[in-house]
Every structure is written in C-alpha cells, then in structure tokens.
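Here are the chains, one letter per residue:
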Amino acid sequence: MPPKKVICQSSVKRTNDGSPKAHTHQQCFTLGGKSCRPFENVFAQWCDGRWYAGRVAGIERGKFRLVWAEGSDETAETADSVVLAADILQHGFIVHLPDRVDPEKKNSPEVYQEYCLIRYREAGFCTVRGRKGVMSSRRFEEMMIESRDMEIWRKLAKPSFERSDLLLGHCFITSSEPTGGAVQSGLGSKELLTRYIKDCGGMEVKTVDAMLKWRSNPNNNPRLIFFVANTYERTKVFLYCLAKNVPCVSSRWVAEIRRSKNYQSFERSRLPAGHDGALDKSPGTEVHWKPRLTLLNNLRLGVYGARENEGPLREFWQPIVTAGKGEVFSVQPEDLAELGRFQIDVLMVFSTAPAAVVAACAEELIPVVTEQWLMQTLIAGRKQPFDRFAPRLTAGTL
C-alpha cells in the first residue's frame, strides 16, 4: 500500500508479538450510526480506491482509528469509508487475494487474484474458491475488495442494523445440533443467530469449558448465562445446563430483542426440558421446565461396567452430575464384593445388567437403573422411580 496522508498519532496497546491487545471488557464504538467493537474486522478505503482489511482501535476527533491488517501506519477514517466485514463478507461475495506469479519461486512478485467467498470466519481462516474451482483457506488480513464490487454491494445492501448493548454482559452457549427448527424460530441459520447475539452486544461460546471460563471472571454475572437453541435436545451440553440450572431459551428470544430493540424477560421463551419418553419408546409429551436447584445435590452415583464399557458412560455423565453438585464413582466387577464401601445411592448401567450385579446391589439395598433414569430425572425436575428404569437382566458373567 502507498502511504496515506492522515496519520493517527495515538498508539494502540499491543502484546509482545506486536498484535493489537484485546480489551478486557466489552464496549461499542459508535460513529455516524455505525457501531463496532474493539478490533472488529472491517474494510476501509485506501487512497488507491480499493478497500483493504483492518481493525477499529477506537474513535478520535470524530473518526474511527484504524489499524491496518498489513501493518501500515494507523489512520483516522470517516464512518463512510469503513464497512464491517461481517456485513459484506457473505457467501458468494467476490474478494481479491494475493498470489505469486510463479508459485514455485518464493521471490516471485504477488498479484491480486479473484476469489469467491464460501465461508467467513471472524477469527481463523476463511474458505474461498478460486477461478478453477479449487477450495482453499485464506486469512481475512489478506483480503482486498475492488471499488466497483463495493459500489455494487452498497447499492444492493439493505441498511445495516444499528447495534446495541441490550445483551451486553450476557453469555450464550449455542446448540451444537443442526438447525432443524430454525425456520419455526424465525432464524434461517446458526450463523444468523450468532450475528443477532453479536448485534445486541452478547458473547457467544461453543463449549461448556468456554462457558465456565467466562463464568470464572469476577467481572461477569453468572446469572446472565443462557443456553440458546431452536428446541430442546438430549445433548450433553443441554443436559449439563439443566443440571446447572442454566436457563435454556429459544432463539426467538434473541431475535425478538433485536427486532424490538427492547430487553424483555426470557421466561416466556424458556424451552421445554424435554419429553417423558425413553429413547427406545414413543416420544411421549413435552415436559415444562421446573426449578432444580437441589435436584442432584449430594447424589452419589455409581457407574458400572468393564472399563471399555464404563468409560464412555462415565465420561458423558460425570460433568453433568458434578454440575448438579453430585459425585460419580466408577464401579468395576471386582468391586462388587465390597460394594458397601462406595456408599453410593444408585448404580447406573447401560440398558442391561448381569443378574449377579443386581443381586449384589440388592444385598446393599442399592437400586440399579439405566442412564434413562438420570436423563428423565433431569427433564422432569424431580427424581424418578427407580423401578421404572430397571435394566434388562442378562445371564452373562460379571
């Protein structure tokens, strides 16, 4: 890039490797009806008329302070000369990326080639398709948009949503399931839900570990954590949230807040806890959510099976039971002679159990159940009868 005339004198805090340092708290920079967050990906127009990748570092004297992705000096840009990357980088949009004239020579000069964007990722690599149909992964920082393509987009694009802080300080763990109910909820895709959360100032996480990390920050309110999906699920994350008493809400709640630009209670948008049917039976009826603050408190759950069978069962349920303030114990066949030392309340197996295991548990007055007992307990919000979920007996060895 050639040097630009307007240079911003104030510097941006950087890490040891020279990259921009992230803010420790969320905020919004708003200028000319356009809002963005610290170091959000944007395109800005350079003096050659093209639009290059950069990040917004702040506002100074009525202009956005921009950090260019290619490492050029920071500049001050008007709101009209900045476009949010999330707004323009949609599937099918044309971007230009540098390629070497002779790929086999490292010192060969680079020229911009035309690519079709397949998938944009705010962090990490984006998926693009070249003229020959070859798919590849490229960084956002490399992208350039020709002025003619930007003009066409601006003529066709609808006015962008003016962002707000209605969900600032809220953490959302989103569903890992396909969006089968997206149309019913008013959202066309998971990507749209992600954008709605971001538009309203919320934070999205993908895993329970990420949620726990967010929760551990003393500046965050643990009561503002939500699981959001189109419908109830039987996934590990959904059951974890039931045990942890994390509100599970419909994605329509987020969509309605964005549409109305007013915060509203999530209670009317709570998802059902599930249905009262087992996996191998008819679905049954939906079960409305009930408070479950002490549902699994002090539960001592034994998980039985040979190590190759017991491992997956315990791996799935241990974090869920722990979230509900219970404990999980691994019970192996050689432990049955001294079963009483575990002081467990219930022994859980898959769908079947050897008759000898059930007999050993009966001597210690320990009920034996399948994993459906725990699942239906979480769904119903109260402990279920043990006999309803007794395993099928087998005559096999321990």
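The rules we used
Residues numbered from 1 in each chain as written. Predicted model: local features only at pLDDT ≥ 70, side-chain atom pairs only at ≥ 80, totals over all residues. Heavy atoms only, no water. Helix = DSSP H or I, 4+ residues; strand = E, 2+ residues; numbered from the N terminus. Buried < 20%, exposed > 50% of the residue type's maximum accessible area, 1.4 Å probe, protein only. Contact = heavy atoms within 4.5 Å. Areas by Shrake-Rupley, 256 points an atom, 1.4 Å probe, with all protein chains shown as cover. Phe/Tyr/Trp six-rings, centres within 6.5 Å; stacked < 30°, edge-to-face > 60°.

### Quick notes on the overall build of the protein chain
Scanning the protein chain for helices and strands turns up 10 helices and 24 strands. Per-residue burial over the protein chain gives 48% buried out of 398 residues. In the protein chain, the share of contacts with a sequence separation of at least 24, taken over all contacts with a separation of at least 6, comes to 60%. Surface accessibility of the protein chain: about 21400 Å² in total, with carbon and sulfur atoms responsible for 50%.

### A closer look at the packing of aromatic side chains
In total, this model carries 12 aromatic pairs according to the counting rule given. Both rings, one in Tyr120 and one in Phe140, keep their centres 6.3 Å apart while their planes meet at 65 degrees; by these two values the pair is edge-to-face. With a gap of 20 residues between them, Tyr120 in the loop between strand 9 (110-119) and strand 10 (125-129) and Phe140 in the loop between strand 11 (135-139) and strand 12 (144-145) connect regions that are remote in the sequence. Residue Tyr120 is classed as buried on the basis of its relative accessible area of 19%. Looking at Phe140, the relative accessible area reads 1%, which means it is buried. Note on Phe226 and Trp253: the rings are 5.0 Å apart at their centroids and 50 degrees apart in plane angle, and the pair reads as tilted. Residue Phe226 is located in strand 15 (residues 225-229), and its partner Trp253 is located in helix 7 (residues 251-260); the two are separated by 27 residues in the primary sequence.

### Some points on unusual backbone geometry
The phi angle at Asn298 is positive, at roughly 65 degrees, despite the residue not being glycine. Unlike most non-glycine residues, Lys325 shows phi in positive territory, near 70 degrees. Residue position: Lys325 is located in the loop between helix 8 (307-323) and strand 20 (327-331). A relative accessible area of 59% means that Lys325 is categorised as exposed.

### Observations concerning helix 4 (residues 190-199)
Count 3.6 residues to each turn of an α-helix, and residues three or four apart come out pointing the same way. For helix 4, the complete set of buried residues consists of Leu193, Tyr196, Ile197, Lys198 and Asp199. For helix 4, the secondary structure elements touched by its buried residues are strand 13 (171-174), strand 14 (203-205), strand 15 and helix 7. Where helix 4 ends, the next residue or the one after it, Gly201, has phi of about 90 degrees, a positive value.

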